[in-house]
Number of protein chains: 2
Amino acid sequence: MHVVAEPIQRLIDAFNRLPGIGPKSASRLAFYLLRAPAEQVQELAQAIAELQGAITYCSRCQNLTENDPCFICQDTQRDTSVVCVVEDALDVVAIERTGAYRGLYHVLHGAINPVAGIGPEDLRIDALVRRQSQEHFQEVLIATNPNMEGEATAMYIARLLRPLGVRVTRLARGLPMGGDVEYTDELTLSRALEGRREM
Amino acid sequence: MHVVAEPIQRLIDAFNRLPGIGPKSASRLAFYLLRAPAEQVQELAQAIAELQGAITYCSRCQNLTENDPCFICQDTQRDTSVVCVVEDALDVVAIERTGAYRGLYHVLHGAINPVAGIGPEDLRIDALVRRQSQEHFQEVLIATNPNMEGEATAMYIARLLRPLGVRVTRLARGLPMGGDVEYTDELTLSRALEGRREM
C-alpha cells in the first residue's frame, strides 16, 4: 500500500538513493520542497539536470571544470613550479580554502585499491608523468589521503617521479589541531613523534 | 574567489538552502551526482521539477494528494465513523505506518501559534467542523503534537466539536517505548502517571 501521493513518494525514493540521506531526511526534504517557493524548487531541479552536461575534465590538471583549461590552470598568479597531487576534486576545494597553497594541482580521481580492482592505470597518473616532462615542476607535493590506499598511491607516484629529478614531498602527518594527545590513535601519535620539529 | 566550477557551486548552494543540509553534505551530494548514472540524476531533477504541479489538497480531508479525493478518502475499506486530526501530511504517513488505525484523517496544515501569528483561521478547522456536520463521525481523535501549540490546537478543536455531540479523544501521552523511567522528563512522567491504566 502506498502511504503518500505517488509524486511525493517518487521524490522521497530519489532522495533516499543519495549518500547520507535516510528515509526520514528524504521525506523531510520532499515535504519541505512541496511548500518551498516554486522558484527555489525549479532552481534546484535545473542545477541537478544541467550538472553533468556542464562539467568536463581540465585537460591539464584533470580537475572537474566548466571551461577547459580550468580557472586554476588559467590563473597567471599561481606558482607553476609546484604541483599538488590529490585524489579528488573535493580535496582541491579543501586545500584552496586554507589559502596556504598557491601552486597548481593534479587530480588523480581515486587511489590505488587492489581490493576494489583500482590499479594505477585507472588513475590519471600517466597524465601527471607527462606533465612533469613538459612543465618541469621543481616540487611535486603528494596530498593523497593518510590511509592505506592513499599511502600506496603516494609511494607509487614517488617511485615514478624521483628518477625525473623532481623533489617529491608529502603532506605532514601528526596531531590534528584542536586534538588531544591522550585520545590520539597510536598510528597518528607515532607519525607525530617521527615528524617532530625544532621549535 | 570561486573554488569549484560554477555549475557545481550552484548546485551546492541550492542543496545548502534545504533544511538539515549543511555546506559539507551539500558538496558531498553535488560531487556524488556528478559521478552518478545520468538516468538517476535526471530522475531526481524531474521528480523535483514536477512535484509542486502534481500535488493538490484533498477537498475532503485536506491531505496532500495527486488525485482529489485522496486514496484514503476513496478507500471503501476505511472506518468512516472516526476521523484522526493531525497537523501535517507527514503525521498521516507516520500513523499509517503503524497499521493500528483504519479510520479517516483530517489535516490541519499547522497548529495554533500566536507567537508565529498562526490563528485558528489559518488552519483547516472550519473544514473539519463542516465535515462533522456532514459526515457525522462518532469519534474525533486529535493527534496534534504533544507540545504547547499542539495542545492549544487540540483544546480549541475539542471546544468547537463537543457541542456537536461527538466523542473527542486525544492520543495517549506517556513513556515512549524503549525509553527509560530514570531519564524521562518530568512532564512526560507526570502524564504517564496521570494516564496510568489497569493491567
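Student: What is the right way to look at the relation of the copies chain A and chain B in this model?
Tutor: For the pair of chain copies, the relating operation is a rotation around an axis with a shift along it. Each copy superposes on the other: chain A lies on chain B with an RMSD of 0.0 Å after a rotation of 180 degrees and an axial shift of 0.0 Å. Accordingly, the operation relating the two chain copies is best matched by a two-fold axis. When each C-alpha of chain A is compared by its distance to the rotation axis, Ala45 of chain A comes out closest, at 2.2 Å. Mapped onto chain B, 100% of the interface residues of chain A are again interface residues, and the two copies thus contact each other with one and the same surface.

Student: Just to check I follow, could you spell out the interface of chain A and chain B for this structure?
Tutor: How big an interface is tends to be reported as the loss of accessible area on association of its parts. Residue-level contacts link 51 residues of chain A with 51 residues of chain B. Around 5000 Å² of area is buried between chain A and chain B when both sides are counted, 71% of it from carbon and sulfur atoms. Among the residues chain A hides against chain B, the three largest losses belong to Ile48, Leu51 and Gln52 of chain A. Together they make up 13% of the total. Joining chain A to chain B, the criterion identifies six salt bridges. Summed over the shared surface of chain A and chain B, the number is twelve residue pairs in polar contact (both at pLDDT 80 or more). Those elements giving two or more residues to the side of chain A that touches chain B turn out to be helix H1 (6–16), helix H2 (23–35), helix H3 (38–54), strand S2 (64–65) and helix H5 (89–98) of chain A. Ranked by residues supplied to the side of chain A that touches chain B, first place goes to H3 of chain A with 14 residues. Its residues placed into classes, the side of chain A that touches chain B shows 34 nonpolar, seven polar and ten charged.

Student: Sorry if this is basic, but what is going on with the environment of Pro176 of chain B here?
Tutor: With respect to the helices and strands, the residue Pro176 of chain B is situated in the loop between strand S6 (167–170) and helix H8 (186–194). Taking the C-alpha atoms as reference, Pro176 of chain B lies 36 Å from Gln134 of chain B; in sequence the two are 42 residues apart.

Student: Where do I start with the pattern of salt bridges in this structure?
Tutor: When the charged atoms of two side chains with opposite charge come close together, those side chains can pair. Residues and elements named next belong to chain A. Enumeration over the complete set of coordinates arrives at 23 salt bridges over all chains. The residue Glu96 makes a salt bridge to Arg78 at a minimum N-O spacing of 2.7 Å. Placement of Glu96 in helix H5 and of Arg78 in the loop between helix H4 (71–74) and strand S3 (79–86) is noted, with a sequence separation of 18 residues between them. The same class applies to Glu96 as to Arg78, namely buried. In this structure, Arg191 and Glu151 form a salt bridge, with 3.8 Å as the shortest nitrogen-oxygen distance. Taken together, the positions of Arg191 in helix H8 (residues 186–194) and Glu151 in helix H7 (residues 148–161) put the pair 40 residues apart, joining distant regions of the chain. For Arg191, a relative accessible area of 27% corresponds to the partly exposed category. Three or more residues are tied together by salt bridges with common partners; here these are Glu151, Arg170, Arg173 and Arg191.

Student: Is there a simple way to explain helix H6 (residues 125–135) of chain B in this structure?
Tutor: Residues and elements named next belong to chain B. For H6, the full list of buried residues reads Ile125, Ala127, Leu128, Arg131 and Gln132. With its buried residues spanning 150 degrees around the axis, H6 presents them on a single face. Of the residues in H6, the exposed ones pointing more than 90 degrees away from the buried face are Asp126 and Gln134. Those residues of H6 hidden inside the fold are in contact with strand S3 (79–86), strand S4 (103–107), strand S5 (139–142) and helix H7 (148–161). The first or second residue beyond H6 is His136, which carries a positive phi of 45 degrees.

Student: Would you mind showing me how to read the sheet that holds S3 of chain B here?
Tutor: Working definition: the strands of a sheet are paired by backbone hydrogen bonds and lie parallel or antiparallel to each other. Residues and elements named next belong to chain B. With parallel pairing, four strands are arranged side by side in an open sheet as S4-S3-S5-S6. For this open sheet the edge positions go to S4 and S6, each flanked by a neighbour on one side alone. The mean angle between the axes of side-by-side strands here comes to 25 degrees, regardless of whether they run parallel or antiparallel. Of the strand pairs in this sheet, S3 and S4 are connected by five bridges, and their pairing is parallel. Across the sheet, residue Cys84 finds its bridge partner in S4, namely Tyr105. Where H7 meets the sheet, it contacts S3, S5 and S6, and its direction lies at approximately 170 degrees from that of S6.

Student: Would you mind going over the packing of aromatic side chains with me for this structure?
Tutor: One pass over the structure, following the stated rule, counts two aromatic pairs over all chains. It is Arg124 of chain A that lies over the ring of Tyr57 of chain A; its NZ or CZ is 4.3 Å from the centre.

Student: It is not clear to me how the domain arrangement of chain A should be interpreted in this structure. Could you clarify?
Tutor: In terms of domains, chain A is made up of domain 1 (6–54) and domain 2 (59–198). Its C-alpha centre places domain 1 of chain A at a distance of 34 Å from the equivalent point of domain 2 of chain A.

Student: How do you make sense of the pairing of S5 of chain B when you look at a structure like this?
Tutor: For a regular strand, side chains alternate in direction, first toward one face of the sheet and then toward the other. All names here are of chain B. In S5, alternate side chains face the same way, and those of Glu139 and Leu141 on one face and Val140 and Ile142 on the other are all buried. Where S3 lies against S5, four bridges are found, and the strand directions are parallel. Residue pairing across strands places Val85 opposite Ile142, the latter belonging to S5. In this structure, S5 lies alongside S6, joined through four bridges in parallel fashion.

Student: Help me understand the sheet that holds strand S5 (residues 139–142) of chain A, please; the structure alone is not making it clear to me.
Tutor: Residues and elements named next belong to chain A. A sheet is described by the order of its strands in space; here four strands give the open sequence S4-S3-S5-S6, paired in parallel fashion. Two strands close off the open sheet at either side, each with one partner strand: strand S4 (103–107) and strand S6 (167–170). Neighbour-to-neighbour, the strand axes of this sheet turn through a mean angle of 25 degrees, independent of strand direction. Lying on the sheet, helix H6 (residues 125–135) is in contact with S3, S4 and S5; it crosses S4 at an angle near 150 degrees. Seen against the sheet, H7 touches S3, S5 and S6 and runs at an angle of roughly 170 degrees to S6.

Conventions adopted
- Residues numbered from 1 in each chain as written.
- Chains lettered and ligands numbered in written order.
- Predicted model: local features only at pLDDT ≥ 70, side-chain atom pairs only at ≥ 80, totals over all residues.
- Heavy atoms only, no water.
- Least-squares fit on C-alpha atoms with pLDDT ≥ 70 in both.
- Contact = heavy atoms within 4.5 Å.
- Buried area = accessible area lost by both parts, 1.4 Å probe.
- Salt bridge = Lys/Arg side-chain N within 4 Å of Asp/Glu carboxyl O.
- Polar contact = N/O pair within 3.5 Å; in protein donor to acceptor, adjacent residues only side chain to side chain.
- Helix = DSSP H or I, 4+ residues; strand = E, 2+ residues; numbered from the N terminus.
- Nonpolar A, V, L, I, M, F, W, Y, C, P; charged D, E, K, R; others polar.
- Buried < 20%, exposed > 50% of the residue type's maximum accessible area, 1.4 Å probe, protein only.
- Arc of directions from axis to C-beta.
- Pairing = 2+ DSSP bridges.
- Axes fitted to C-alpha atoms, helices over the stretch in contact; angles between N-to-C directions.
- Phe/Tyr/Trp six-rings, centres within 6.5 Å; stacked < 30°, edge-to-face > 60°.
- Lys NZ or Arg CZ within 6 Å of the ring centre and 35° of its normal.
- Domains from an automatic or database assignment.

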